[in-house]
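Architecture at a glance
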Amino acid sequence: MNGLTARARQQKLYRWRRANNIQVFTDPQPVRDHIELLMSWGMTIGMIGQAAGCSGQAIAYIARAAFPRVTTDLARRIRAVGHHPRPGQCFALAIGARRRIEALNTLGWQSEYLAERLDVYGRVRLQHMIKQPRIRYTTWAAIRDLYDELSGTPGPGHNTMVRARNRGLAPPLAWYGRDIDHPDTRPRRTADKPPRRRGIARSE
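One structure accompanies this document, and this report is about it. (Residues numbered from 1 in each chain as written. Predicted model: local features only at pLDDT ≥ 70, side-chain atom pairs only at ≥ 80, totals over all residues. Heavy atoms only, no water.)

**Regarding the pattern of salt bridges**
In total, this model carries six salt bridges according to the counting rule given. The partner of Arg77 in a salt bridge is Asp73, and the shortest N-O contact between them spans 3.0 Å. With Arg77 and Asp73 both in helix H5 (residues 72–79) and four residues apart, this pair spans about one turn of that helix. By relative accessible area, Arg77 is classed as partly exposed at 25%. The class for Asp73 is partly exposed, based on a relative accessible area of 37%. In this structure, Arg123 and Glu112 form a salt bridge, with 3.4 Å as the shortest nitrogen-oxygen distance. Of the two residues, Arg123 sits in helix H8 (residues 122–130) while Glu112 sits in helix H7 (residues 111–117), which places them 11 residues apart along the sequence. Note on Arg123: relative accessible area 40%, which makes it partly exposed. What emerges from the salt-bridge pattern is a single network uniting Asp73, Arg76 and Arg77. (Salt bridge = Lys/Arg side-chain N within 4 Å of Asp/Glu carboxyl O. Helix = DSSP H or I, 4+ residues; strand = E, 2+ residues; numbered from the N terminus. Buried < 20%, exposed > 50% of the residue type's maximum accessible area, 1.4 Å probe, protein only.)

**Here we look at the environment of Glu36**
Considering the arrangement of structural elements, one finds Glu36 in helix H2 (residues 29–40). In the structure, Glu36 is positioned 27 residues away from Ala63 in sequence and 7.4 Å away in space, judged by C-alpha atoms.

Next comes the structure, spelled out in structure tokens:
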């Protein structure tokens, strides 16, 4: 295909695929349905495009049915996009980060201490960040790592633990074996009993 224009190469590739019975385009409706699901969770057009390796404009066109068809490759990449944050993303869904901070609160880890460990300016700033629908990927990853480190050890703040449990927040044990980052996942409510001060088993 050397010496051919980009359009000529695309046309030649298209004819070759058709000759070899290789499907080039597919029904865009399942792709639109998937985009709608992702957006209902709080993902933006730009986040979906970044994760799928295409422009946000392409996602927007597909979402509003501006394209009568979509290539099978692009459809596959879009439908492979899920809720879980990926390295290289600018932003991620914040729900998993919020659940992790709240779970650590139920163990007695004060938000002031967690904010300091995360290099965030104060408890109020941390709480504001995790209550947003989206969070920077780097912050999400830092919260994930801190949760993995502390989720099996009681913290020093007994009052923090009591307040968090009284609010009905789920401890780490309630998320054991469940996808804490999935927006539709719910914790086990049988795990609400406060841990003994002498220690608890590591849940994750």
